[in-house]
Amino acid sequence: MDRRSFIKLTAITGTSATLAGCGNPENQLIRFIPAEDIVPGVAVWKPGVCPLCRAGCGLTVRVMDADAEVVRDGQAGIVRIAAAKKLEGAPDHPVNRGGLCPRGQAAIQITYHPDRITQPLRRAGERGQGRYEAVSWDGALTEIVSRLDALEGAGNQRALAAVTQSGRGHRSALIGRFLGAYGAPGPIAYELFGDEVLRRANGLSFGRQQLPTFDLANARYVLSLGADFLGTWNSPVAQSVGYGRMRQGRPGLRGAFTQVESRMSQTGAGADEWVPVRPGTEGVLALGLANLIMAAQLHPASAAGRAGALIEGWNAGLANYAPREVERITGLAAARVERLARQLGDARPAVAMVGGPPLAHSNGLFTALAVNALNALIGAVEQPGGMFFTPQLDVATASKASGSVASPAPTIDRLAADGLSGGPATQVLLVDGANPVFTTPRAWRVREAFEKIPYIASFSSFLDETSILSDLILPDHSFLESWTEALPESGSMVAVASVAPPVMRPLHQTRATADVLLEIGRRLRRPLDLPWQTFDEMLAATFAGLPSATADVDAWTDAQAKGAWAGPLPAGLAVAGTAGASAAPGTFAFTAPLFDGNAEQYPFYFLPYPSNAFLDGSLAHLPWLQEMPDPLSSAMWSSWVEINPATAERLGIGTGDVVEVASAHGALRTAAVITPGIAPDMVAMPAGQGHRTFTRYASGRGENPVELLAPVTDAATAALAWAATRVRMSRVGPPDGRLILFAGGMREHPAGEHQR
Amino acid sequence: MAADLDRCTGCGACVVACHAENNISTVGAGQAAIGRAKHWLRVERYWEGDFPNVGLKFVPVMCQQCDNAPCEPVCPTYASHHTEDGLNAQVYNRCIGTRYCANACPYNVRFFDFFNPSWEKPLQLQLNPDVSLREVGVMEKCTFCVQRIRGTQIQAKAEDREVRDGEIQPACVQSCGARALVFGDLADPESEVSRLSRSPRGSKLLEDLGTQPKVNYLSRQSQA
């Protein structure tokens, strides 16, 4: 090589090396012209509706400009978009009044999750492998329509099934209408920590089959039996707002609060008095209190009306529930029962609430009815400082739905059993917002049943244990990219309908599930008779019938601007109470709760509970929630089992040690957390971790307590009795780093004994 | 700021709200396991008694914005300093990462960035453009959401008025359903936070160290 060519060569390679190393690769992307009008640096606040639980809290979403990477016509580039930046509670929303729970705060990470499904997918590998190929929306819709047409051609419409999240809003109503018009059974809504038992009880006692609303702000005394009402149960933000006012919102008057439970919940930590009783005997305590209140003639038995009459022996003063008897059954000293009764009888207004573990037993319905009768006795029903039922909008009437209503759905365990035993088999399954493979007990064999279903289509935004079994994925928009709505079941004294238009444009090639269903309905060979073209038409139809809160603006426009409509419902649009009780007076008496596993072989009650971060596990994919320290243990990114210090000492278990927990149905290994807030004969474990498949943040992390659960159900409602399993436990090894705590050691243990 | 422990439910909404507002990066399980998780605001818990007579108290702890802050004099670069309105500010561009301030702080509310933060795309779209990102080697901490304080002050000035009491809400205060956290001007005796600070239930964390913290904790009452 001569000198000249050497210089030429170095000049060329040098320049290109410099160019290649120049700045970030982003800077080489093309900048597209923004499709929306945005003022850079100026925040706009838009209304939203939190989608994470049934509480239906109102959001206000901060929207600002941001650079998003997109692909347009095959060309990668960046474009300035109006992006959601922060979620806050809407200050004027009648449910949450400005507050928002940690889960709601983190919901924005759903929209921006790196593992979101960005476009329709068709299965390419074996079922469950997770190998998918991209398919166009048109191709995907053609495929699902041909499947449904084939069923219809064979006259087998009842072989279509849908598993959805539970809910009372328009989305559920639309899915129900779709199935009804097609000729399929209604949607199957399964929730691990569902409240079906309490709804049924409220229907029997009060003629209102729904969750109650509590006027905590005006209460002087609250007796909660197991209800985690400040954490995960019912409408936690609304209840926290009321709780703050009850405690310190009235000068000179501080409401008192007693929590009855065997494992201290986040809510129990706030109680003035914490009262552990034997699991499944909470109803006996409630009737014991009623017995004393009646005996002291603070209230007559007749005050409890229909709710009391359902209980056997009520009018005779509940002689079977005298303090000595209550002590024998619940394990709570008779003197303490008497003191609690005085407290409850003397304070006005007072209210009792029940939820969570006490209702997750084979006698759950009895327990709920007992607490209802107690509330009726002390005059807490529909009274200030007591319990109320939020008036409910009748969606079918309000949205002017026509056509046939879907017939009642089987339960998920029934569906699975039929599919496996040669009963009426499901041919096509639609899955929307539910992950039953993760949240049902193994004995129900939901996974095996789903694997036998010839065709599964999912609307999921993520690959989870259920959607990974699907043949076609039609990914939904995130809640910030689509019309959202909620009809809160509780948390407000007046009827509420939350609604919000899309906050931002879709980031990916996704489509709103409600609109996709409507399009499928139109494309079918025999198009479905649904009165709306799009989901917002359905919403508009509802709001057109509501009175506007603001003069010279109609209710639809007003609600969109505010994020909610609230007020008295016009006649004919409210869901009517069920006046005639279907149970005869004196039907219900205490029966001992059934537990799976005998006490000698399986000495511990096993209590799975909804995680403060992940609920039943549906939020384990959000990194903010993974890294949020648990309120009681400060654990992050972990699973653990809670053990009483005396039990731990007896078994030689220290915090962080690996223990094996086994029931008659399964076994798992997880880290021990030694905590004084649990009975010596009980171990507890948060649900939510233990996902096999659920994005990079949750897959393969921790253990799922549902794996241990026995298929015990409440006899009356067939709801899973998730607190009715017994387990054994043993230490299998020293700390191995799987338990990650934010704080130092708990009080019982010197620092350094477990690792940081 | 005032924190009413009788209202606090320990839910942790403030913790996540703080992450969302202040671009605090998550560090992941591996780093969290060696004590590198960053929570400018944490909810401490104190167990009392043994089963069955057991109690648990929650205490939300953020930077106490001390008037006599131990973190300030130890900083060789004045990254950690006192502002005119009484905040303990941290100037990230001055910080050289000696970590003296974190050692001096008795409240454990200063967090060191052991690496550059990263957000897996498109999670970076959630970032708040009003708050700068901290790079490796820098100490970070609660600012009482100074971006919100300044934003409201500028807005009030533009409208030619005073800032109203309660108008400034740091992210933690805004998120709290039970209204356990109250923020305001302690120099104004009429403000709600001043009123709460005069409560006989009030006390300050580790007050006897002489740090003169500016967060008042109103103790939980017991039922007589």
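J.: Explain the overall build of chain A to me, and be specific about the residues and the numbers.
T.: The helix and strand tally for chain A stands at 22 helices and 28 strands. Computed over C-alpha atoms, the radius of gyration of chain A comes to 28 Å, within 12% of the 27 Å expected from 2.2 N^0.38 for 756 residues, which places it in the range of a compact globule. For chain A, the spread of C-alpha atoms along the principal axes amounts to about 110 × 65 × 65 Å. Residues classed as buried in chain A amount to 61% of the 756 residues present.

J.: Break down the overall build of chain B for me, citing the residues and quoting the values.
T.: Counting its regular elements, chain B contains six helices and ten strands. Here the C-alpha atoms of chain B give a radius of gyration of 18 Å, agreeing with the 17 Å that 2.2 N^0.38 yields for 224 residues. Seen through its principal axes, chain B has C-alpha atoms that stretch 55 × 50 × 40 Å. Counting across all 224 residues of chain B, residues that qualify as buried make up 55%. Summarising the internal contacts of chain B: among those between residues at least 6 apart in sequence, 59% fall at separations of at least 24. Surface summary for chain B: the accessible area is close to 9800 Å², and the carbon and sulfur share equals 50%. Here chain B contributes 24 positive and 26 negative side-chain charges, whose respective centroids are spaced 4 Å apart.

J.: Run through the domain arrangement of chain A, naming residues and quoting values.
T.: Residues and elements named next belong to chain A. The domain architecture assigned to chain A consists of domain 1 (213–388) and domain 2 (604–741). Centre-to-centre separation of domain 1 and domain 2, based on C-alpha positions: 28 Å. Seen at the junction of domain 1 and domain 2, the total is one salt bridge. Note that arginine 263 and glutamate 642 form a salt bridge whose closest N and O atoms lie 2.8 Å from each other. At the junction of domain 1 with domain 2, the criterion picks out seven residue pairs in polar contact (both at pLDDT 80 or more). Its residues placed into classes, the side of domain 1 that touches domain 2 shows six nonpolar, ten polar and one charged.

J.: An account of the sheet that holds strand β20 (residues 564–567) of chain A is needed here, citing residue identities and associated values.
T.: All names here are of chain A. One open sheet holds the three strands; their spatial order is β18-β19-β20, and the pairing between them is antiparallel. In this open sheet, the two edge strands, each paired with only one partner strand, are β18 (484–486) and β20. Strand after strand, the sheet turns through a mean of 10 degrees between neighbouring axes, direction not considered. Relative to β20, strand β19 (residues 495–500) is paired through four bridges, and the arrangement is antiparallel. Bridging across to β20, serine 498 finds its partner in alanine 564. Sheet strands in contact with helix α18 (residues 535–544) are β18, β19 and β20, and its direction is about 145 degrees off that of β19.

J.: How would you explain the pattern of salt bridges if you had to name every residue and give the values?
T.: Where charged atoms of side chains with opposite charge meet at close range, the side chains can pair. In the structure shown here, the tally under the stated rule is 55 salt bridges over all chains. Between arginine 127 of chain A and aspartate 471 of chain A there is a salt bridge; the shortest N-O distance is 2.5 Å. Remark: aspartate 471 of chain A occurs in the loop between β16 (455–458) and β17 (472–473) and arginine 127 of chain A occurs in the loop between β5 (121–123) and β6 (132–134); sequence separation between them is 344 residues. Of the charged contacts in the structure, one is a salt bridge between glutamate 21 of chain B and arginine 148 of chain B, with a shortest N-O distance of 2.8 Å. Taken together, the residues glutamate 21 of chain B in helix α1 (residues 13–22) and arginine 148 of chain B in helix α4 (residues 146–158) connect sequence positions 127 residues apart. The same class applies to glutamate 21 of chain B and to arginine 148 of chain B, which are both buried.

J.: Which residues make up the packing of aromatic side chains, and what are the values?
T.: Residue and element names in this part refer to chain A. Applying the stated criterion across every chain, the model contains 15 aromatic pairs over all chains. Considering the side-chain rings of phenylalanine 366 and phenylalanine 590, the 5.8 Å spacing of their centres and the 55 degrees angle between planes classify their relative orientation as tilted. Residue phenylalanine 366 is located in helix α12 (residues 364–377), and its partner phenylalanine 590 is located in the loop between β20 and β21 (604–609); the two are separated by 224 residues in the primary sequence. What makes phenylalanine 590 partly exposed here is its relative accessible area of 21%.

J.: Give a detailed account of the sheet that holds strand β3 (residues 58–72) of chain A, specifying residues and quantitative values.
T.: Residues and elements named next belong to chain A. Here we have four strands laid out as an open sheet, ordered β1-β4-β3-β2, and mixed in their pairing. Across the chains shown, the open sheet's two edge strands, defined by having one partner strand only, are β1 (30–31) and β2 (44–49). Inspection of the sheet shows β3 paired to strand β4 (residues 75–89) by 14 bridges, in the antiparallel sense. Residue pairing across strands places threonine 60 opposite glutamate 88, the latter belonging to β4.

J.: Tell me about the interface of chain B and chain A, residues and numbers included.
T.: Of the residues lining the interface, 63 residues belong to chain B; the matching set on chain A comes to 77 residues. In this assembly, chain B packs against chain A so that about 5600 Å² is buried in total across both faces, 57% of it on carbon and sulfur atoms. For the pair chain B and chain A, the interface holds five salt bridges. When residues in the side of chain B that touches chain A are grouped by element, the largest group, seven residues, is from α1 of chain B. Of the residues belonging to the side of chain B that touches chain A, the class tally is 28 nonpolar, 20 polar and 15 charged.

J.: Outline unusual backbone geometry, supporting the account with residue identities and numerical values.
T.: Residue and element names in this part refer to chain B. In this structure, proline 52 follows phenylalanine 51 across a cis peptide bond, with omega equal to 5 degrees. Note on placement: proline 52 falls in the loop between β2 (42–48) and β3 (55–61). Following lysine 121, the chain continues to proline 122 via a peptide bond in cis, the omega torsion being 0 degrees. Here proline 122 is to be found in the loop between β6 (110–112) and β7 (139–141).

J.: I'd like a description of the side chain of threonine 510 of chain A, backed by residues and values.
T.: All names here are of chain A. With respect to the helices and strands, the residue threonine 510 is situated in the loop between β19 and α17 (513–523). Within the structure, the side chain of threonine 510 is placed 2.7 Å from the side chain of histidine 477, a separation counted as a polar contact. In this view, threonine 510 contacts Arg116, Ile117, Thr118, Trp137, Pro475, Asp476, His477 and Glu481; residues no more than four positions away in its chain are not counted.

Basis of the calculations
Sequence positions are assigned chain by chain, starting from 1 and proceeding in written order. The order in which chains are written sets their letters, starting at A; the order in which ligands are written sets their numbers, starting at 1. At least 70 in pLDDT is required for a residue's local features to be given in this predicted model, at least 80 for side-chain atom pairs to be given and counted, and no such filter applies to totals for whole chains, interfaces and linings, which use all residues. Only hydrogens and water are removed before side-chain values are computed, so all heavy atoms of the structure are retained for them. Secondary structure elements are defined from DSSP: runs of H or I of at least 4 residues count as helices, runs of E of at least 2 residues count as strands, and each element is numbered from the N terminus. What the globule rule says is 2.2 Å times the number of residues to the power 0.38, and the radius of gyration is computed from C-alpha atoms. Throughout, exposure labels follow a simple rule: accessible area from a 1.4 Å probe, protein chains only, divided by the maximum for the residue type, with under 20% read as buried, over 50% as exposed, and the rest as partly exposed. The contact criterion used is simple: two residues touch if any of their non-hydrogen atoms lie within 4.5 Å. Only the protein chains shown count as cover for residues, with accessible areas throughout obtained via the Shrake-Rupley method and a probe of 1.4 Å. Two residue types count as positive, namely Lys and Arg, and two as negative, namely Asp and Glu; His and chain ends fall outside the count. Each charge is placed at NZ for Lys, CZ for Arg, CG for Asp and CD for Glu. Domain segmentation is taken from an automatic or database assignment of domains. Salt bridges are defined as contacts in which a side-chain nitrogen from Lys or Arg sits within 4 Å of a carboxyl oxygen from Asp or Glu. Side-chain atoms alone can form a polar contact between residues adjacent in sequence; in general such a contact is a pair of N or O atoms within 3.5 Å, and within protein one must be able to donate a hydrogen while the other accepts it. Classification convention: Asp, Glu, Lys, Arg as charged; Ala, Val, Leu, Ile, Met, Phe, Trp, Tyr, Cys, Pro as nonpolar; all other residues, Gly among them, as polar. Whether two strands pair depends on DSSP finding at least two bridges between them. Between the N-to-C directions of two axes lies an angle of 0 to 180 degrees, each axis being a line fitted to C-alpha atoms and, for a helix, fitted only over the stretch in contact. Pairing of aromatic side chains here covers Phe, Tyr and the six-membered ring of Trp, requires ring centres within 6.5 Å, and sorts the geometry by plane angle: under 30 degrees stacked, over 60 edge-to-face, intermediate tilted. For any pair of parts, buried area is found by adding up, for both, the accessible area (1.4 Å probe) each one loses once the two are put together.

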